[in-house]
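Listed below are the residues making up each chain.
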Amino acid sequence: MTATALPAETATAAHNDPARALAVRSKRRIDPTYYWMVVPVLSLFAFFITLPALVGVFFSLTNYAGYGDWKFIGLSNYVNIFKDPAILQSYIFTFVFALTTTVVVNVVALAIALGLNAKIKWRTGIRTVFFIPMVLSALVVSFVFNYLFSNTLPVLAERFGLTPLATSILANENLAWLAIVLVTVWQAAPGATIIYLAGLQSVPAEVYEAADLDGAGSFRQFLSLTLPLILGYLVINVILGFKGFLGTYEIIVGLTGGGPGMATQSVAMRIFSGFTGGDYSYQMANAVIYFLITLLISVIQLRLIQRRGVSL
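As the structure is a computational prediction, the values presented were derived from the model and not from experiment.

Basis of the calculations
- Sequence order as written defines the numbering, with residues in each chain counted from 1.
- The model is predicted, so local features are restricted to residues of pLDDT at least 70 and side-chain atom pairs to those at 80 or more, both for listing and for counting; the totals for chains, interfaces and linings are taken over all residues.
- Values reported for side chains reflect all heavy atoms of the structure, with hydrogen atoms and water molecules removed beforehand.
- Runs of E in the DSSP output that reach at least two residues are strands. Runs of H or I that reach at least four are helices, and both are numbered from the N terminus.
- Working rule for helices: expected span equals 1.5 Å times residues minus one.
- Between buried and exposed lies partly exposed: a residue is buried under 20% and exposed over 50% of the maximum accessible area for its type, with that area taken using a 1.4 Å probe on protein chains only.
- Residue contacts are counted whenever heavy atoms from the two residues lie within 4.5 Å of one another.
- Aromatic rings from Phe, Tyr and Trp, taking only the six-membered ring of Trp, are treated as a pair when their centres fall within 6.5 Å; an angle between ring planes under 30 degrees marks them as stacked, one over 60 as edge-to-face, and anything in between as tilted.
- UniProt positions are given in the numbering used here, feature names are shortened, and annotations may be inferred rather than shown by experiment.
- To get an axis, fit a line to the C-alpha atoms, keeping to the stretch in contact for a helix; angles then go from 0 to 180 degrees between the N-to-C directions.
- Oblique is the label for any angle not covered by the other classes, which are roughly parallel (under 35 degrees), roughly antiparallel (over 145) and roughly perpendicular (65 to 115).
- By the definition used in this description, the sense in which the near helix is turned from the far one sets the handedness, with an anticlockwise turn below a right angle giving left-handed and a clockwise turn giving right-handed.
- By the convention adopted, Pro, Cys, Tyr, Trp, Phe, Met, Ile, Leu, Val and Ala count as nonpolar, Lys, Arg, Asp and Glu as charged, and the other residues, Gly among them, as polar.
- Nonpolar side chains (Val, Leu, Ile, Met, Phe, Trp, Tyr) within 5 Å and like charges within 9 Å form the patches, drawn only from residues with over 30% relative accessible area and no salt bridge.
- Each accessible area value is a Shrake-Rupley result obtained with a 1.4 Å probe; residue values ignore everything except the protein chains displayed when judging cover.
- Whenever a carboxyl oxygen of Asp or Glu lies within 4 Å of a side-chain nitrogen of Lys or Arg, that contact is scored as a salt bridge.
- A score from 0 to 100, pLDDT tells how confident the predictor is in each residue.
- Put simply, a nonpolar core is a bunch of buried Ala, Val, Leu, Ile, Met, Phe, Trp, Tyr and Cys residues held in one set by side-chain atoms that sit within 4.5 Å of each other.

A.B. asks: Help me get a handle on helix α11 (residues 231-246), residues and values and all.
C.D. replies: If you check α11, its first and last C-alpha atoms are 23 Å apart, about what 16 residues at 1.5 Å a residue would give, namely 22 Å. Listed as buried for α11 are G232, V235, N237, I239, G241, F242, F245 and L246.

Put into structure tokens, the structure is as follows:
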């Protein structure tokens, strides 16, 4: 903890009085506890995060396969990535998936939060049931839903004469991504619901009482009161959700493995497959590009928040 600048008369008095000068210097001195708390954390972060990232950036400029010899090739990997249709397809899938899932999660979570915030019977128990999915492993959840989509759902669809669903949608290139969205929403919605509940409970009850006296209906109160008052919580959910969904991996691995074909292969999956498939430097260049794109999106989001004056 550092001291603020001292007035001129205080500094003069301290110069004339050695004891006071010593006290002034001690106030300006940083508490050693500060270093004991900050330096280890920064050192660990630099060693486990910053250093590997810099090493990866270096190898993205080589032809390193993850083993054996390598040589420096400059920006060739970066140039080839922009010409690779498979890489482009993974980017399109990832961003379409992230946008779609973000919208669906926030709509579902807000609806659930509104219901759980109402004065209903057994509200605490119902909340517990709704929050169970968020504590389960994404990989375990995806394997369970894989069985449901591949076995249970087709059997039920055939029994009730629903021919389009009689085969697994995970094997359909046009429908497999919808299954991924559904499972992701099922697991991600509880986390967003908690944030919305916190926002709803921060709204004073007197606001709604005044709206009732003015004759405003429930829908009008939601649009004119609830939504503006919880806008900051909405922004938090959108930012956290979109960034999280851009890195989706476990659920896709458990449901489709990136298939059928490469229809549901995300950028994260393609990068990890390159690390283990002898394509290290090429996919490391892909990771650098993806990081820069994600960073740009984050900066744009922060600028929009600052421009709109949303308080987080």
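Right, picking up where we left off after that structure.
A.B. asks: Lay out unusual backbone geometry with the relevant residues and their values.
C.D. replies: In most cases, non-glycine residues show a negative phi, while peptide bonds are predominantly trans. The peptide bond linking G259 to P260 adopts the cis configuration, its omega dihedral lying at -5°. With respect to the element layout, P260 can be found in the loop between α12 (250-255) and α13 (267-276).

A.B. asks: Explain the environment of A109 to me, using residue names and the numbers behind them.
C.D. replies: With respect to the helices and strands, the residue A109 is situated in helix α5 (residues 85-117). Among the residues examined, A109 registers a relative accessible area of 0% and is labelled buried. A sequence separation of 83 residues divides A109 from A192, and the C-alpha atoms of the two residues are 5.8 Å apart. Excluding residues within four positions of it along the chain, A109 makes contact with A189, A192, T193 and Y196.

A.B. asks: Break down the packing of aromatic side chains for me, citing the residues and quoting the values.
C.D. replies: Across all of its chains, the model carries 14 aromatic pairs by this definition. When the ring of F59 is compared with that of Y280, the centres are 6.1 Å apart and the planes differ by 80°; the resulting orientation is edge-to-face. Highlighted residues: F59 in helix α3 (residues 32-59) and Y280 in helix α14 (residues 280-308), separated in sequence by 221 residues. Between the aromatic rings of F145 and W186, the centroid separation amounts to 5.4 Å while the plane-to-plane angle is 65°, which identifies the pairing as edge-to-face. Of the two residues, F145 is situated in helix α7 (residues 138-159) and W186 in helix α8 (residues 176-201); the sequence distance between them amounts to 41 residues.

A.B. asks: Describe the UniProt feature "transmembrane region" (unreviewed entry) in the protein chain, listing the residues and the values that go with them.
C.D. replies: Under the feature "transmembrane region" (unreviewed entry), the UniProt entry names residues 34-61, 91-116, 128-149, 175-198, 219-240 and 287-305. Here residues 34-61 runs as 93% helix and 0% strand, with 39 Å between its end C-alpha atoms.

A.B. asks: Now, about the packing of helix α9 (residues 205-213) against helix α10 (residues 218-229): what can you tell me, with residues and values included?
C.D. replies: Two elements in contact, α9 and α10, have axes separated by 11 Å at closest approach and are oriented at 165°. Classed by the angle they form, the pair α9 and α10 counts as roughly antiparallel. Crossing angle aside, the handedness with which α9 passes α10 is right-handed. Judged by residue contacts, V207, Y208, A211 and D212 of α9 engage Q221, L225, T226 and L229 from α10. When grouped by side-chain class, the residues that make up the contact of α9 with α10 number five nonpolar, two polar and one charged.

A.B. asks: If you had to explain the side chain of N77 to someone new, which residues and values would you point to?
C.D. replies: You can see N77 is positioned in helix α4 (residues 76-81). The exposure class of N77 is buried, given its relative accessible area of 6%. Among residues more than four places away in sequence, those in contact with N77 are S60, T62, S281, Y282 and A285.

A.B. asks: Can you lay out a nonpolar patch on the surface for me, pointing to particular residues and giving the numbers?
C.D. replies: On the surface, a nonpolar cluster with roughly 710 Å² of combined accessible area is contributed by L44, F45, F47, F48, I49, L51 and V55. Examined against the element boundaries, I49 turns out to sit in helix α3.

A.B. asks: Before we move on, could you go through the side chain of T264 and cite the residues and values that matter?
C.D. replies: Considering the arrangement of structural elements, one finds T264 in the loop between α12 and α13. T264 gets classed as buried once you look at its relative accessible area, which sits at 0%.

A.B. asks: Can you break down the confidence of the model for the protein chain residue by residue, with the values?
C.D. replies: The share of residues in the protein chain with pLDDT of 70 or more is 89%, and the mean pLDDT across the chain is 84. The spread of mean pLDDT over the elements of the protein chain runs between helix α1 (residues 8-16), the lowest at 50, and α5, the highest at 93.

A.B. asks: Tell me about the packing of α8 against α11, residues and numbers included.
C.D. replies: In contact at an axis separation of 9 Å, α8 and α11 are set at 155° when each is read in the N-to-C sense. Here α8 lies roughly antiparallel to α11, going by the angle between them. Once α8 is placed against α11, the crossing between them reads as right-handed. Within the contact between the two elements, α8 uses T184, A188, A192, I195, Y196, A198 and G199 and α11 uses Y233, L234, I236, N237, L240 and F245. Residues of the contact of α8 with α11, tallied by class, amount to 10 nonpolar, three polar and no charged.

A.B. asks: Tell me what's going on with the nonpolar core, and back it up with residues and numbers.
C.D. replies: Counting residues in hydrophobic clusters, the biggest one holds 46 residues, and the most contacted among them are F149, I180, V183 and L255. Residue assignment for this core shows that the elements contributing at least two residues are α4, α5, α7, α8, α11, α12, α13 and α14. Sort the elements by how many residues they give to this core and α5 lands first, with 11 residues. The contact partners of L255, leaving out residues within four places of it in the chain, are S142, F145, N146, F149, L170, A179, I180 and V183.

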